[in-house]
Amino acid sequence: MSALQFLVLAALILSSGATEETLVVKIGAIFFDTEIKLAEAFSVAVEEVNAIRPALRLEPIKRYITLDDSIVLQDLSCDLIGNGVAAIFGPSSKTNSDIVEVLCNMTGIPHLQFDWHPQQSERERINRQLTVNVAPMEHLLSAAFLDILASKSFDWKSFTIAYEKSAHLNRLQHILAWKHLHKTGIKMQEFERGSDYRILWKRINNAREKYVVLECPSDILTDVINASIAFNMTGPFNHLFLTDLNTHLSGIDRFYSRDFTVSVMAARIRSYIPPPVNDEIDVFDNSVDTRFSSLETQLVYDSVVLFYNALLEITQRSAFYSPQFSCGRGFWQSGPRIVEQMKKISPKSAMPPFKTQRLQINSDGQREDFNLEVYNPLIDRVTHVWSKEFQLVDYEKLKEKSTKAVKESRPKGKEDIWQKPIRYTVATRFGEPYFSWRPEPEGVHYEGNDRFKGYAVDLIYKLAEECKFDFNFEPVRDNKYGSYDAATDEWDGIIRELIDNKAQIGICDLTITQARRSVVDFTVPFMQLGISILSYKQPPPEPNMYAFLNPFGVEVWIYVMIAMIITAYALVLAGRIDQYEWEQPVENEDHELERENIWHLHNAMWLVLGSILTQGCDLLPRGMPMRLLTAFWWIFALLISQTYIAKLASFITSAKIAGSIDSMHGLVDQNKVQFGTIRGGATSVYFSESNDTENRMAWNKMLSFKPDAFTRSNQEGVDRVKLSKGSYAFLMETTSLQYYVQRNCELTQTGESFGEKHYGIAVPLNSNFRSNLSVGILKLSEKGELYRLRNKWFNNNESTCDVAASTSKAQQFGMDSVWGLFVVLTLGVFVAFMIGVAEFLWHVQRIAVKKKIPPMLALKAEFSFLIRFWLTKKPLNTYRQSRDSTLTGYSSLEQISSVSSAKRKKNTKRIAD
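Computed from a prediction, not measured in an experiment: that's the story for all the values here.

(A) Just the overall build of the chain, in detail. For the chain, the helix and strand inventory stands at 29 helices and 28 strands. Classification of the 913 residues of the chain by burial places 44% in the buried group. Looking at the chain as shown, the accessible area adds up to about 49300 Å², and 56% of this sits on carbon and sulfur atoms.

(B) The environment of Ile422, seen in detail. Assignment of secondary structure puts Ile422 in the loop between helix 12 (395-401) and strand 14 (423-428). For Ile422 and Phe471, which are 49 residues apart along the polypeptide, the C-alpha to C-alpha distance reads 8.0 Å. Other than its neighbours up to four places away in sequence, Ile422 contacts Phe237, Phe469 and Asp470.

(C) Examining the state of the cysteines more closely. All chains considered together, the criterion is met by one disulfide. Through a disulfide, Cys78 is tied to Cys327; the S-S separation comes to 2.3 Å. On the criterion of sequence distance, the pair formed by Cys78 in helix 3 (residues 70-82) and Cys327 in the loop between helix 10 (295-317) and helix 11 (334-342) is long-range, its members being 249 residues apart.

(D) Here's a closer look at the packing of aromatic side chains. If you walk through the whole model with that rule in mind, you get 42 aromatic pairs. Between Phe452 and Phe473, the aromatic rings sit 6.1 Å apart at their centres with planes inclined by 75 degrees, giving edge-to-face as the arrangement. Of this pair, Phe452 sits in strand 16 (residues 452-453) while Phe473 sits in strand 17 (residues 470-475); the two residues are 21 residues apart in sequence, bridging distant segments of the chain. Classification of Phe452 as buried rests on a relative accessible area of 1%. Judged by its relative accessible area of 2%, Phe473 falls in the buried class. The interplanar angle of 75 degrees and the centroid separation of 6.2 Å between the aromatic rings of Phe687 and Phe754 together place this pair among those described as edge-to-face. A residue pair is termed long-range when its members are at least 10 positions apart, and Phe687 in helix 20 (residues 682-688) and Phe754 in strand 27 (residues 747-759) qualify at 67 residues. The cationic tip of Lys355 hangs over the ring face of Tyr301; the distance from NZ or CZ to the ring centre is 4.9 Å. The ring of Tyr728 is capped by Arg720, whose NZ or CZ atom sits 4.2 Å from the centre of that ring.

(E) The arrangement of helix 17 (residues 601-612) in detail. The end-to-end C-alpha distance of helix 17 is 17 Å, a good match for the 16 Å that 12 residues give at a rise of 1.5 Å each. Turning to helix 17, its buried residues are Ala604, Leu607, Val608, Gly610, Ser611 and Ile612. Positioned one or two residues after helix 17, Thr614 has a phi angle of 55 degrees, which is positive.

(F) Inspection of the packing of helix 10 against helix 11 at higher detail. It is at 8 Å that the axes of helix 10 and helix 11 come closest, and there the two elements cross at 120 degrees. The orientation of helix 10 relative to helix 11 falls into the category oblique. As helix 10 runs across helix 11, the sense of the crossing is right-handed. Residue-level contacts link Leu306, Phe307, Ala310, Leu311, Glu313, Ile314 and Arg317 of helix 10 to Arg337, Ile338, Gln341 and Met342 of helix 11. Its residues assigned to classes, the contact of helix 10 with helix 11 shows seven nonpolar, one polar and three charged.

(G) Summary view of unusual backbone geometry. Of note, the bond from Gly90 into Pro91 is cis; its omega dihedral lies within 30 degrees of zero at 0 degrees. Summarising the element assignment, Pro91 is placed in the loop between strand 3 (88-89) and helix 4 (99-107). Along the chain, Met351 connects to Pro352 via a cis peptide bond; the corresponding omega equals -5 degrees. Backbone geometry places Gln391, a non-glycine residue, at a positive phi of 60 degrees. Inspection of the secondary structure puts Gln391 in strand 13 (residues 391-394). A relative accessible area of 36% means that Gln391 is categorised as partly exposed. Look at Asp489: it is not a glycine, yet its phi comes out positive at around 60 degrees. By the secondary structure assignment, Asp489 is in the loop between strand 18 (484-485) and strand 19 (490-491).

(H) Inspection of the pairing of strand 11 (residues 371-376) at higher detail. Within strand 11, six of the six residues are buried, which leaves the element mostly enclosed by the surrounding structure. Covered by surrounding structure in strand 11 are Asn371, Glu373 and Tyr375 together with Leu372, Val374 and Asn376, the residues of both alternating faces. Inspection of the sheet shows strand 10 (residues 263-269) paired to strand 11 by four bridges, in the antiparallel sense. Pairing of Ala266 across the sheet is with Tyr375, part of strand 11. Note: strand 11 against strand 12 (residues 381-387), six bridges, orientation antiparallel.

(I) Summary view of helix 2 (residues 36-50). Look at helix 2: 21 Å from first C-alpha to last across 15 residues, which is about the 21 Å you get at 1.5 Å a residue. Where helix 2 is buried, its residues contact strand 1 (23-32), strand 2 (56-65), strand 3 and helix 10.

(J) Representation of the packing of helix 13 (residues 455-467) against helix 25 (residues 785-794) in the model. Close contact between helix 13 and helix 25 brings their axes to 10 Å; oriented N to C, the two are set at 155 degrees. Here helix 13 lies roughly antiparallel to helix 25, going by the angle between them. The two elements helix 13 and helix 25 meet at a crossing, and its hand is right-handed. In contact with Tyr455, Asp458, Leu459 and Lys462 of helix 13, helix 25 contributes Glu785, Leu786, Leu789, Arg790, Lys792, Trp793 and Phe794. For the contact of helix 13 with helix 25, a count of residues per class yields six nonpolar, no polar and five charged.

Calculation criteria
Residues numbered from 1 in each chain as written. Predicted model: local features only at pLDDT ≥ 70, side-chain atom pairs only at ≥ 80, totals over all residues. Heavy atoms only, no water. Helix = DSSP H or I, 4+ residues; strand = E, 2+ residues; numbered from the N terminus. Buried < 20%, exposed > 50% of the residue type's maximum accessible area, 1.4 Å probe, protein only. Areas by Shrake-Rupley, 256 points an atom, 1.4 Å probe, with all protein chains shown as cover. Contact = heavy atoms within 4.5 Å. Disulfide = S-S within 2.5 Å. Phe/Tyr/Trp six-rings, centres within 6.5 Å; stacked < 30°, edge-to-face > 60°. Lys NZ or Arg CZ within 6 Å of the ring centre and 35° of its normal. Expected span 1.5 Å × (residues − 1). Axes fitted to C-alpha atoms, helices over the stretch in contact; angles between N-to-C directions. Parallel < 35°, antiparallel > 145°, perpendicular 65-115°, else oblique. Left-handed = near helix turned anticlockwise from the far one by under 90°. Nonpolar A, V, L, I, M, F, W, Y, C, P; charged D, E, K, R; others polar. Pairing = 2+ DSSP bridges.

The values reported here are purely geometric and, on their own, carry no functional implication.
Right under this line is the structure:
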């Protein structure tokens, strides 16, 4: 080897050794003069990477700008390129110019970005192939926000996005595409930095919004949130989601107090902690590097580490030379290789480790993987972790899976007051049996919820025990359920309290309607019912002992009796005229032949009466005239009797239902009884919005009644029914109707129920505790608690009204109703006996005259025989009694009878001779 070759070889060895020890690579950075912390983070990052391997050192060159001016940026970029920098960092997204990217792409100098820049199209990427951004891609961050809000832990169905005028809404693009922009989906509210933020919260409060996504820079975040306190937007049922990734630096924790109970959640990029095991999914540590607390400083650090590791790989594999040319007058060939190497750097191999987790650059130079922490910024408590692979994962579950990681979380310096049981304000209204004042015994005074009683009170107590929450009852001032006034575009009653966020639960006999569901949510129903008619129970009519005569008027009865008399005389006359009605000739005592006619007045009247009473008679006509006359009388008698029976049955039935209404149809078709319901209640809405003809007619009638047919409450309607004594009926829910009927014996339910309805518990729109209450109601139903509560408050066992007995009595006739029949029977028996006695006395008188004996003797003899009921045969002369007569008198009587018969025969024979 010649001396010249040895010297060259020695020089190469020495130069290579010098290079190994002293390779210095210049890097440039452009910052705004307000980004001092970013510049400091850049310097610290350079110092830390230089300590990794002394053979490779980075020499930073920093430049500062004041205004967003593309010409100034071009000059600064060309100055850095002229100084031989191997990469340019920045500027931040405060500039709208892309001149730095274009110059770097032209000269082959890698360009690194560390914050949010607008998404680039494929065409734009052609001129920006040497640009690498370590900040997460905005559309992925937007997808992460959507996963968070749509998860079961959040489940936001409707909310308002409040954003600062200069905010990057690209990070919310998925959310904006998730819901429609209207009052039941997403609403947008813009505000400007330095403006009166109270205007923003006033608009949100007027929209009755409780869920707000706040896109606000961290430096003004506390001022914006402080303005919400005056509008009652910081209650326990308000929700804030803060999208700024530097919320933890905003100082929002100063709002921590028991009065500031709004649910606040925020998101931030999860800091990287070196795992003790390489395959660990996630790790947990209690250390915090305060030098890089903001996301921007972390990303500046990561960009320097990323470039350094790529540069280290390039310098170890091939010869390296720094760029030495002016702006626009050359192209550095190593630049593209460094950019490609940056895309291959794995987070596990980077030294020193990145400050943010999962930093991986894709082929387009963008970061498409990262982890987010979802946390409560007031107490710095992490609740969930989001990742591209697993979406939203509960933080505690993640810790359980991380068996080999350090499981100490950050120390909790503040009590988590949001984990304690929530206290709900329960809006309700007075109305038995759902909610009323509890009577206070002498010497006892109730406070708080103990002041009230009722079905709703017991139900809330059961739900609170089942669902683990506290509550306070607050009766609404207007004591209304909640109806919409189209003139004012406002709601009242319980619904208004829920809309205004003054209450979180609304309960009473509150019917689930479509109109109410448009402004509040309802749980599953806790009671099913219908509508029925409450009417006054008319007292039974005064009993009429002669009611059986009512089917015919007085004149009809007179004409019937006249017809009977005339017909009887007609039968007698016709019978005498018709020769067929005379009997065959018989010989009389004078031995003369004579014919007898059976048609005399007594027999004729008996035939007429028997025909009317449908009993018939033994007398039968033989001649044609008599048969025709009798037949036509039978027709008349049949029609009269059957008409009477039918009319009597009609009178009996009509007496039961006289003046009553048995259905809604009957109520609408009559004009004597007015009817109404609660004004603005669900029952009135049922009629006013129904398409059924009968319901529309009922509604129109209710509107036309004078005085007003509507009431303010059920109790007022019940009182009105009782006072009207049958001239007013009240339409109400069947459960309440049964309650009042059982406690008011003068009231009754008319007809069957109709219009199926459901009672539910109302909560504000999109309340996340609604499902919890619904589950509680279902559990109470399965346990039978709802059935027991209904029996307790609606089926009163102490009722004094015997509904079954009154119903059965109404279907029966009392003695008062049929007493007249007994009177007629008694009168008939009495008259018959009086006639019988008269005839008996007349018969005694005839015997005394004929036999020429004293009347008393004849009377005594006849009476003596009369009272002997066991005797069935009567002697002709009862007045003749022998002294040796037996106790029964049979021998005497028979002897007397024999002697009398013998004498009569002798006398008859003597006369004949």
